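Topology and contacts: notes
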Amino acid sequence: AAIRDDAMTVLTSLSDHLNQVNPDNFDIIIESHVDSNIVLNKRRYPDKWAFTSARAMMIRDELERIGIRKNMMHIAAFAYKFCFITCGHYYKIR
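Here the residue numbers are simple positions, counted from 1 along each chain's written sequence. This being a predicted model, a pLDDT of at least 70 is required before a residue's local features are given, and a value of 80 or more before pairs of side-chain atoms are given or counted; all residues contribute to the totals for chains, interfaces and linings. With hydrogens and water stripped out, all remaining heavy atoms of the structure feed into the side-chain values.

**Here we look at helix α1 (residues 5-18)**
- Here α1 spans 20 Å end to end across 14 residues, near enough to the 20 Å set by a 1.5 Å rise per residue.
- Among the residues of α1, Met-8, Leu-11 and Ser-15 are the ones counted as buried. Buried residues in α1, looked at end-on, bunch into an arc of 60°, giving them a common side. For α1, the exposed residues lying more than 90 degrees away from the buried face are Thr-9 and His-17. Per the convention used, a helix needs a DSSP run of H or I reaching at least four residues, while a strand needs a run of E reaching at least two, with both numbered from the N terminus. Here a helix's expected span is defined as the number of its residues, less one, multiplied by 1.5 Å. Three exposure classes are used, based on accessible area relative to the maximum for each residue type with a 1.4 Å probe and protein chains only: buried under 20%, partly exposed in between, and exposed over 50%. The directions considered for the arc are those from the helix axis to the C-beta atoms.

**With respect to the environment of Thr-12**
- Along the polypeptide, Thr-12 turns up in helix α1.
- With a relative accessible area of 35%, Thr-12 lands in the partly exposed category.

**Topic: the environment of Ser-36**
- Mapped onto the secondary structure, Ser-36 falls in the loop between β1 (28-33) and α2 (48-65).
- On the accessibility criterion, Ser-36 (67% relative accessible area) is exposed.
- A sequence separation of 44 residues divides Ser-36 from Tyr-80, and the C-alpha atoms of the two residues are 7.4 Å apart.

**Quick notes on the pairing of β1**
- Residues Ile-28, Ile-30 and Ser-32 line the buried face of β1, whereas the alternating positions Ile-29, Glu-31 and His-33 sit on a face that is not buried.
- Of the strand pairs in this sheet, β1 and strand β2 (residues 73-79) are connected by six bridges, and their pairing is parallel. Among the inter-strand pairings, Ser-32 is bridged to a residue of β2, identified as Ala-77.
- When the strands point away from the viewer and the connection leading from the first strand across the helix to the second strand turns clockwise, the crossover is called right-handed. For the crossover from β1 across α2 to β2, the handedness is right-handed. Pairing between strands is defined by DSSP: at least two bridges between them are needed.

Honestly, it's all geometry; don't read function into it.
Next comes the structure, spelled out in structure tokens:
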């Protein structure tokens, strides 16, 4: 998967604003949702969790690459009505 050009424009614009805030006052939560009828490439994404988590991490990695502080970002990936959350290297199911 790749980030579309129009999405990159939005991410770059967001990063300009987010780099001006105090990271102690804000958290950025990157949410990824998957449709129930999605057809996955099973070799690359064995299930909906893998797909939705990878998509959210791709956005997080790009935001970090363009200057957003890592300690401001968290991921919430949704599949099957449950949430898979990543905070640093720890994973927990809510």
